[in-house]
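A closer look at the structure
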Amino acid sequence: MGGYTRVDINTLTESRLDSAYYSQRFLKNESILENCGLKRIPIAKLSALCNCGATPKNVVYGSAGTGLIRTSDVRPNVFHADDVVRTEDISILALRSSVKATSGDLLYTMSGTIGYACVIPEGHEEYSFSNTIARVRLPEESENDTHYIAAFFNSFYGYEQSLRLTSGGIQGHVMPNPFKALKISLVHPYAQKYIGNKVRQAERLRAWAKRVEEEVNGFHLQLIPDQSKLDFSRKTRLVSQTRMTDRFDAHFYPGVVEDYLSAKGCVFKQLGNLTAKVFNGQTQDETQDPTAVDQITVTHLSKVYIKGQPRCVNKPGSNEKFTQKHDLLICNAAHNKSYIGRDVTYYHADRPVLPSTEVMVIRVDREQLPASFVRTYLLTRLGFVQIQSTI
């Protein structure tokens, strides 16, 4: 009998009569925000523009055309510009200002993974955005800080607000009007700017890290034998006896790899001979215990560095599975096998974390060669084929 919530009639709203909306956690969150002493203003009243986008019917995506921002491109305080799909079915010049997003605009996810917010950093092009994205643009004379508002949406209390508005059966979503009514707890403009500057500093550091990563990759690629003339579609192969292992399935010996390895003047070594250790992580149960440790899963992996906030899990009995600086991390198990080896994440932090079981750790012997070189090779088309052949 403890699974119900008694709600005062004055708390009920005609638009939401479902029990989830009045769960104890959401009512407690609302009470904290309402009584914290900060001014709360609906996002629509703070904005010059506040609306959802539009997704064209039968849209064809390609490598050229106008960028169309979707839910997967928006993560807490991070805009994944490199992942934005493009289409020639949309002309940015023909779009109204109300359905164009540009630098300084706040983006908010309204379907699927709801409640994430970020700001498009400086120096970006104009984009179109889908009907699963809400765009907020503050007035030029506004004293409020867009990055602060995004940080509030991504905070625990702000995110709980968003989760409370979720509706729908199979895939959750937030409707436009409830989103516009979401209240922002406003601190003093000076404090807003201070918090916003921290987010902007993270954006600049992220851009700097990306440039460094591109420079390092460019340097290493000059040392990797050319792969542009390889026939990746070739099915037949003749495998050298010295290359045979205890695997006797053809999938393990891609023809294009045999061509590459037989190239004259190139010296190849097995990955195992270049590493100090290769192992899978260890999945632990989540906990709020003070002795909890941070755990990363495949959702935290990216093309470059770890993303998102780790899970808090029970500490394992041994420290052998924790990461070290310069480790390479890849997905080793997925429902869609194309995810395996697609991203090779470079772990650059000093603080160790515990990978989950579906994350493989490659610890390169840096006395022989840099870990970044191995990462660059594995990210080549041939490196991906080799990883896939081991499945």
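Here is a short report on the structure shown in this document. (Residues numbered from 1 in each chain as written. Predicted model: local features only at pLDDT ≥ 70, side-chain atom pairs only at ≥ 80, totals over all residues. Heavy atoms only, no water.)

Digging into the sheet that holds strand β11 (residues 127-129)
Strand order across the open sheet formed by 5 strands is β3-β7-β4-β11-β8, with mixed pairing between neighbours. Because the sheet does not close on itself, it has two edges, and the strands there are β3 (61-62) and β8 (100-101). Here 2 bridges tie strand β4 (residues 66-69) to β11, and the two strands are oriented parallel to one another. Within β11, the position partnered with Leu-68 by the bridge is Ser-128. (Pairing = 2+ DSSP bridges. Helix = DSSP H or I, 4+ residues; strand = E, 2+ residues; numbered from the N terminus.)

Overview of the pattern of salt bridges
Considering all chains together, one arrives at 15 salt bridges under this definition. Residue Lys-303 pairs with Asp-83 through a salt bridge whose shortest N-O separation is 3.5 Å. Here Lys-303, found in the loop between β15 (293-296) and β16 (311-313), pairs with Asp-83, found in the loop between β6 (78-79) and β7 (85-87); they are 220 residues apart in sequence, far enough to count as distant. For Asp-105, the salt bridge is made with Arg-137, and the minimal N-O distance between the two is 2.8 Å. Taken together, the positions of Asp-105 in the loop between β8 and β9 (106-109) and Arg-137 in strand β12 (residues 133-137) put the pair 32 residues apart, joining distant regions of the chain. Salt bridges here are not isolated pairs; linked through shared partners, they connect Glu-30, Glu-34 and Arg-40. (Salt bridge = Lys/Arg side-chain N within 4 Å of Asp/Glu carboxyl O.)

Section: the sheet that holds strand β19 (residues 354-355)
An order of β16-β15-β19 is seen for the 3 strands of this open sheet, with the pairing classed as mixed. The sheet is open, and its two borders are formed by β16 and β19, each paired with just one other strand. Where β15 meets β19, 2 bridges bridge the pair, whose relative direction is parallel. The residue bridging Gln-295 from the neighbouring strand is Leu-354, located in β19.

Points about helix α9 (residues 381-389)
Here α9 has its buried residues at Leu-382, Gly-383, Ile-387, Gln-388 and Ser-389. Taken together, the buried residues of α9 touch α7 (255-261) and α8 (371-378). (Buried < 20%, exposed > 50% of the residue type's maximum accessible area, 1.4 Å probe, protein only. Contact = heavy atoms within 4.5 Å.)

Examining the nonpolar core
Judged by nonpolar contacts, the single largest core of 28 residues is most densely connected at Leu-328, Leu-329, Val-364 and Leu-378. Sorting the residues of this core by element identifies α7, β17 (328-331), β20 (359-364), α8 and α9 as the ones contributing at least two each. Among the nonpolar cores identified, the runner-up in size contains 26 residues, and Met-110, Ile-149, Val-174 and Phe-179 belong to it. (Core = buried A, V, L, I, M, F, W, Y, C linked by side-chain atoms within 4.5 Å.)

Digging into the pairing of β20
Burial of β20 is extensive: 5 of the 6 residues sit out of reach of the surface. Pairing between strand β14 (residues 275-280) and β20: 5 bridges, direction antiparallel. When the sheet's bridge partners are listed, Val-278 is paired in β20 with Ile-362. Where β17 lies against β20, 4 bridges are found, and the strand directions are antiparallel. Across the sheet, Leu-328 pairs through a bridge with Ile-362, a residue of β20.

Side note on the side chain of Arg-164
Inspection of the secondary structure puts Arg-164 in helix α4 (residues 156-164). Although Arg-164 lies buried, it forms no salt bridge, and the closest oppositely charged side chain, Glu-30, sits 4.4 Å away as judged by the N-O distance. For Arg-164, the residues in contact, after removing those within four places along its chain, are Arg-16, Tyr-21, Tyr-22, Phe-26, Leu-27 and Glu-30. (Lys, Arg positive; Asp, Glu negative; His and termini not counted.)

Regarding the packing of aromatic side chains
Geometry of an aromatic ring pair is reported as the spacing of the ring centres plus the angle between the planes. Inspection of every chain in the model, using the stated rule, returns 6 aromatic pairs. An angle of 25° between the planes, with centres 6.0 Å apart, marks the rings of Tyr-116 and Tyr-159 as stacked. Taken as a pair, Tyr-116 in the loop between β9 and β10 (117-119) and Tyr-159 in helix α4 lie far apart in primary sequence, 43 residues in all. Ring pairs connect the aromatic residues Tyr-108, Phe-153 and Phe-179, which therefore count as one cluster. Across the ring face of Tyr-61, the terminal group of Arg-70 is positioned such that the distance to the ring centre comes to 5.2 Å. (Phe/Tyr/Trp six-rings, centres within 6.5 Å; stacked < 30°, edge-to-face > 60°. Lys NZ or Arg CZ within 6 Å of the ring centre and 35° of its normal.)

Describing the state of the cysteines
Summed over the entire model, instances satisfying the criterion amount to 0 disulfides. There is no disulfide at Cys-50, and the cysteine sulfur nearest it, in Cys-52, is 8.0 Å away. (Disulfide = S-S within 2.5 Å.)

Quick notes on the pairing of β4
Neither face of β4 is left uncovered, since the one carrying Thr-66 and Leu-68 and the one carrying Gly-67 and Ile-69 both have all their residues buried. Across 3 bridges, the pairing between β4 and β7 is antiparallel. Directly across from Thr-66, in β7, lies its bridge partner Thr-87.

Points about the side chain of Gln-295
With respect to the helices, strands and loops of the structure, Gln-295 is situated in strand β15. A polar contact is formed between the side chain of Gln-295 and the backbone nitrogen of Gln-284, at a distance of 3.3 Å. Apart from the residues lying within four places of it in its own chain, the contact partners of Gln-295 are Gln-282, Thr-283, Gln-284, His-300, Pro-310, Arg-311, Val-313, Leu-354, Pro-355 and Ser-356. (Polar contact = N/O pair within 3.5 Å; in protein donor to acceptor, adjacent residues only side chain to side chain.)

Describing the environment of Lys-315
Tracing the backbone shows Lys-315 in the loop between β16 and β17. When the C-alpha positions of Lys-315 and Asp-285 are compared, they lie 9.1 Å apart, and in sequence the two are 30 residues distant. In this view, Lys-315 contacts Gln-284, Thr-291 and Val-293; residues no more than four positions away in its chain are not counted.

Some points on a nonpolar patch on the surface
Taken together, the side chains of Ile-9, Leu-12 and Leu-17 present a nonpolar region at the surface, about 340 Å² in accessible area. Mapped onto the elements, Ile-9 comes out in the segment before α1 (24-34). (Patch = residues over 30% accessible without salt bridge, like charges linked within 9 Å, V, L, I, M, F, W, Y side chains within 5 Å. Areas by Shrake-Rupley, 256 points an atom, 1.4 Å probe, with all protein chains shown as cover.)

Examining the packing of helix α3 (residues 146-154) against helix α6 (residues 189-221)
At a minimum axis distance of 7 Å, the contact between α3 and α6 shows a crossing angle of 85°. One way to sum up the angle between α3 and α6 is to call them roughly perpendicular. Residue-level inspection shows His-147, Tyr-148 and Ala-151 of α3 in contact with α6, the latter providing Gln-192, Ile-195, Gly-196, Val-199, Arg-200 and Glu-203. Among the residues forming the contact of α3 with α6, the class breakdown is 4 nonpolar, 3 polar and 2 charged. (Axes fitted to C-alpha atoms, helices over the stretch in contact; angles between N-to-C directions. Parallel < 35°, antiparallel > 145°, perpendicular 65-115°, else oblique. Nonpolar A, V, L, I, M, F, W, Y, C, P; charged D, E, K, R; others polar.)

So far we have only geometry, and geometry alone does not tell us how the molecule works.
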